[in-house]
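Survey of secondary and tertiary structure
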Amino acid sequence: MLWRSLFVAALVGGLTMPAMAQDCDAKKPATAPMSRFKVSSDGASVTDTKSHKTWLRCVVGMSWDGSSCTGQSHTYTWSDSLDVIKEVNDKKVGGRGDWRLPTVEELNSIVEKQCFKPAINLELFPYSPDSGFWTDSSVEGVQPRVWIVHFLHGQQYIANKKQDWRIRLIGD
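No experiment lies behind these values; they were computed from the predicted model shown. (Residues numbered from 1 in each chain as written. Predicted model: local features only at pLDDT ≥ 70, side-chain atom pairs only at ≥ 80, totals over all residues. Heavy atoms only, no water.)

This brings us to the side chain of Thr135. On the secondary structure map, Thr135 appears in strand β9 (residues 132-138). For Thr135, a relative accessible area of 0% gives the class buried. There is a polar contact of 3.1 Å between the side chain of Thr135 and the backbone nitrogen of Ser137. (Helix = DSSP H or I, 4+ residues; strand = E, 2+ residues; numbered from the N terminus. Buried < 20%, exposed > 50% of the residue type's maximum accessible area, 1.4 Å probe, protein only. Polar contact = N/O pair within 3.5 Å; in protein donor to acceptor, adjacent residues only side chain to side chain.)

Turning to the state of the cysteines, a few remarks are in order. Evaluated as defined, the whole model comprises two disulfides. There is a disulfide in this structure between Cys24 and Cys115, and the S-S distance comes to 2.0 Å. One quick way to see it: the torsion about the S-S bond of Cys24 and Cys115 is about 105 degrees, and its sign makes the bridge right-handed. Placement of the pair is Cys24 in strand β1 (residues 23-24) and Cys115 in strand β8 (residues 115-116), with a sequence separation of 91 residues. Judged by relative accessible area, Cys24 falls into the partly exposed class, the value being 40%. The partner cysteine of Cys58 in its disulfide is Cys69, sulfur to sulfur 2.2 Å. (Disulfide = S-S within 2.5 Å.)

We now examine a negative patch on the surface. Together, Asp80, Asp83, Glu87 and Asp164 make up a region of like negative charge exposed at the surface. Turning to its location among the elements, Asp80 is positioned in helix α2 (residues 78-90). You can call Asp80 partly exposed: its relative accessible area is 37%. (Patch = residues over 30% accessible without salt bridge, like charges linked within 9 Å, V, L, I, M, F, W, Y side chains within 5 Å. Areas by Shrake-Rupley, 256 points an atom, 1.4 Å probe, with all protein chains shown as cover. Salt bridge = Lys/Arg side-chain N within 4 Å of Asp/Glu carboxyl O. Lys, Arg positive; Asp, Glu negative; His and termini not counted. Charge placed at Lys NZ, Arg CZ, Asp CG, Glu CD.)

In this structure the tally under the stated criterion is one aromatic pair. Ring centres of Phe133 and Phe151 lie 5.4 Å apart, and the angle between their planes is 90 degrees; on these two criteria the pair is classed as edge-to-face. Of this pair, Phe133 sits in strand β9 while Phe151 sits in the loop between β10 (145-150) and β11 (155-160), and the two are 18 residues apart along the sequence. On the basis of relative accessibility, which here comes to 0%, the residue Phe151 falls in the buried class. When the ring centre of Trp99 is taken as reference, the NZ or CZ atom of Arg96 above it lies at 5.2 Å. We note Lys161 situated over the ring of Trp78; from NZ or CZ to the ring centre the distance is 4.0 Å. (Phe/Tyr/Trp six-rings, centres within 6.5 Å; stacked < 30°, edge-to-face > 60°. Lys NZ or Arg CZ within 6 Å of the ring centre and 35° of its normal.)

Turning next to unusual backbone geometry. In this model, Lys117 is joined to Pro118 through a cis peptide bond whose omega is 0 degrees. Along the polypeptide, Pro118 turns up in the loop between β8 and β9. A cis amide bond links Gln143 to the next residue, Pro144, at an omega of 0 degrees. Topologically, Pro144 is positioned in the loop between β9 and β10. Even without being glycine, Lys92 reaches a positive phi, approximately 55 degrees.

Among the secondary structure elements, Trp165 is positioned in the loop between β11 and β12 (170-171). By relative accessible area, Trp165 is classed as buried at 18%. For Trp165 and Ser81, which are 84 residues apart along the polypeptide, the C-alpha to C-alpha distance reads 8.9 Å. Sequence-distant contacts of Trp165, defined by excluding residues within four places in its chain, comprise His74, Thr75, Tyr76, Ser131, Gly132, Trp134, Ile148, His150 and Ala159. A distance of 3.4 Å separates the side chain of Trp165 from the side chain of Gln163, its partner in a polar contact. (Contact = heavy atoms within 4.5 Å.)

Strands sit in the order β9-β10-β11 across an open sheet of three strands; the sheet is antiparallel. One side of each edge strand has no neighbouring strand; the edge strands of this open sheet are β9 and β11. In this sheet, adjacent strand axes meet at a mean angle of 40 degrees when their direction is disregarded. In terms of strand pairing, β9 meets β10 through four bridges, oriented antiparallel. Within β10, the position partnered with Ser138 by the bridge is Val146. (Pairing = 2+ DSSP bridges. Axes fitted to C-alpha atoms, helices over the stretch in contact; angles between N-to-C directions.)

Right under this line is the structure:
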């Protein structure tokens, strides 16, 4: 009985503990440093000075409140993500109407290899779940499959378009 009580106490204690924080290794070179990006005047987007592409800082489903991302991120199938992007563009979020899914190369360019859980610069992208994000890059010869980038550790994987993943938008 004592072991059962200890097990239940450990289980409940484990469930109420805060989530593990991002882990970064400063000994590794930064791959997406703050210095490479310019934050927009309203703070809602960042422009990569290397690629000249602009990223929304918040995951689709969340919004910029002036200092951080608020709300709840959502997951979508690949085809549903295209409908959501059309809605975002119709609303001119961030003052733009050219948002789209990034290519796998573009999404990989914001992976911060110094960090994991999530593998992204949280100063630039203040809320980013350690989850997979859709790209617009099809997998050659394997349909209906596209690449996703998973920000748990910044690796890319093949995903079925009927799966649910998150969306991070880029503009040209």
